[in-house]
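Residue-level structural notes
Now for the letters of each chain:
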Amino acid sequence: MPVACHAPLTLGCSHPGQFNVHPVPCVWGAADPKDRGPVIASTTDFMNKNAIGTHNGAYSTYRAVALACGRYPAGFKPDLTNTQPVVHFPPRAGWTGASRIVSIDPWGHLAHMVFKDQLVKHDIRPTISITKAHISLKEIEEATLKGRLVVDGEVMRNASTANCTKIAFEHVWHLPGIAQRFGVEVGHLRRCLFEETGGMFPELITRTDLDIFLPPIGGVTVYIFGDPAKLGNKAFPCACRVHDECNGSDVFGSDICTCRPYLTHGIEVCIETAQKGGVGVIAYYRKEGRALGEVTKFLVYNARKRQEGGDRAETYFLRTECVAGVQDMRFQELMPDILVWLGIERIDKLVSMSDMKHDAITGAGIEVVERIQIPDDMIPSDAHVEIDAKKAAGYFSTGPAMTEEELKQAKGRGFEKY
């Protein structure tokens, strides 16, 4: 059932100038956007704001500094002329209901169109944007030179460049839905969010009439290869990789993990599937270092390399837990929302060994036909510690389960070899 989130009475709040506010009603999960209402999180529309936080996630801090320095115009409202999506994504069945999608606004790419009549009174901004792009990677060129991919002029423009549709998402959390997804009380969730951000968002405590929260975290980018209109149509095969950010490997080619080779392998599988008449999807989440952050990740690297006996697969997860308190903080429960938004009901090729991702996807009602692990010849030598530890922990693999003795064989290089 759709869930209403609006103030029934005139309320005060924690910030100056926000007394006698009247948040615009938003009925989360309503099928008709006119019944649902817009998400208003702009700092220029405090009196009608119906969401905690604001747009641009972590980048909102830079905007605040720019405003303080006089480099950003106070009260600025964007001119959204010609910014509409270049590819049409119509409403899907999963957009309806208060529990199917809880971490993004399904109408976020159409906000300045479906709520056009309200733009005169309210500062309504998109939280999803859709464009077209080319991507060029040396790994794509290598796959073409070896005959695994072909230049067709449609999906592949040339030996190293592919066409794609690119979609950027800001997180828009419906707090009751988030709490339900994690199996916790919404009041407890709100208090933890308030306390663990150092009290950054007092409305989490003082404005229980507001159920929508734009967290200050990195967003998601989706890359689609092939015709997006084929998504959700089971007559066409679908390949997918859900990838969590690893700046060191993805961008700079660090060889301590399998992140970049697995990402590029996923892209290759997606392009190949598109060239065979299907569609491929890469969902790239900003969850650096298993959502622990890059500083923590590098501290773990040091601990791994300096421990007695060197960098070993059997202590791979333990070193992370010693530094961070947990092995992994990515929590894939929210991840399938993007796939549900795209209308995906079946993934024919899931390029992932992670049981957390697989179980979250199938738990969302999406069928997975085949799982694809990273080819052995793509694993960097120093990354065998990581991949062997993951296999031993239960990650998907087509090979036999590793014995304790085999697990002890994988060792990474020490700092003296850098």
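Each value, and the rule that gives it
Residues numbered from 1 in each chain as written. Predicted model: local features only at pLDDT ≥ 70, side-chain atom pairs only at ≥ 80, totals over all residues. Heavy atoms only, no water. Helix = DSSP H or I, 4+ residues; strand = E, 2+ residues; numbered from the N terminus. Rg over C-alpha atoms; globule rule 2.2 N^0.38 Å. Buried < 20%, exposed > 50% of the residue type's maximum accessible area, 1.4 Å probe, protein only. Areas by Shrake-Rupley, 256 points an atom, 1.4 Å probe, with all protein chains shown as cover. Lys, Arg positive; Asp, Glu negative; His and termini not counted. Charge placed at Lys NZ, Arg CZ, Asp CG, Glu CD. Pairing = 2+ DSSP bridges. Polar contact = N/O pair within 3.5 Å; in protein donor to acceptor, adjacent residues only side chain to side chain. Contact = heavy atoms within 4.5 Å. Phe/Tyr/Trp six-rings, centres within 6.5 Å; stacked < 30°, edge-to-face > 60°. Lys NZ or Arg CZ within 6 Å of the ring centre and 35° of its normal. Axes fitted to C-alpha atoms, helices over the stretch in contact; angles between N-to-C directions. Parallel < 35°, antiparallel > 145°, perpendicular 65-115°, else oblique. Left-handed = near helix turned anticlockwise from the far one by under 90°. Nonpolar A, V, L, I, M, F, W, Y, C, P; charged D, E, K, R; others polar.

1. Description of the overall build of the chain
Within the chain one finds 16 helices and 13 strands. Radius of gyration (C-alpha) of the chain: 23 Å, near the 22 Å computed for a compact globule of 418 residues. When each of the 418 residues of the chain is scored for burial, the buried share is 50%. Of the roughly 19,700 Å² of accessible surface on the chain, 54% is carried by carbon and sulfur atoms. Mean positive and mean negative side-chain charge positions of the chain (46 and 50 charges, respectively) differ by 3 Å.

2. Notes on the sheet that holds strand S7 (residues 173-174)
In space, the three strands of this open sheet follow the order S3-S8-S7, with mixed pairing throughout. Both outer strands of the open sheet, strand S3 (51-53) and S7, are each paired with one neighbouring strand and no more. Sheet topology places S7 next to strand S8 (residues 212-214); two bridges connect them, and they run antiparallel. Note that in S8 the partner of His174 across the bridge is Ile212.

3. Quick word on unusual backbone geometry
A positive phi angle, near 80°, is found at Asn56, a position not held by glycine. Mapped onto the fold, Asn56 is located in the loop between S3 and helix H2 (60-68). The exposure class assigned to Asn56 is partly exposed, which follows from its relative accessible area of 36%. Positive phi outside glycine occurs at Arg290, with the angle close to 60°.

4. What about the side chain of His112?
Among the structural elements, His112 can be located in helix H3 (residues 111-114). Since its relative accessible area comes to 10%, His112 is described here as buried. Separated by 3.3 Å, the side chains of His112 and Thr83 make a polar contact. What His112 contacts, discounting residues up to four positions off in sequence, is Leu80, Thr83, Gln84, Leu119 and Pro126.

5. Looking at the packing of aromatic side chains
This structure, assessed with the given rule, holds eleven aromatic pairs. Measuring from centroid to centroid gives 5.3 Å for Phe89 and Trp341, while their planes differ by 25°, and the two rings are stacked. Of this pair, Phe89 sits in the loop between H2 and H3 while Trp341 sits in helix H13 (residues 336-342), and the two are 252 residues apart along the sequence. Of the two residues, Phe89 and Trp341, both sit in the buried class. Members of the aromatic cluster, each reached through a chain of ring pairs, are Phe89, Trp95, Trp107, Phe169 and Trp341. Between Arg241 and the ring centre of Tyr262, over which it is positioned, the NZ or CZ distance is 4.1 Å. Above the plane of the ring of Tyr285 lies Lys287, whose end atom (NZ or CZ) is 4.6 Å from the centre.

6. Structural notes on the packing of helix H11 (residues 294-306) against helix H12 (residues 316-324)
Packed helix pairs are specified by the crossing angle of their axes together with the interaxial distance, meaning the distance between the axes. In contact at an axis separation of 9 Å, H11 and H12 are set at 125° when each is read in the N-to-C sense. The angle between H11 and H12 falls in the class oblique. With respect to the hand of their crossing, H11 and H12 are arranged in right-handed fashion. Between H11, through Thr296, Leu299, Val300, Ala303 and Arg304, and H12, the contact on the second element is made entirely by Tyr316, Arg319, Thr320, Val323 and Ala324. The residue makeup of the contact of H11 with H12, split by class, is six nonpolar, two polar and two charged.

Nothing here speaks to function; it is geometry throughout.
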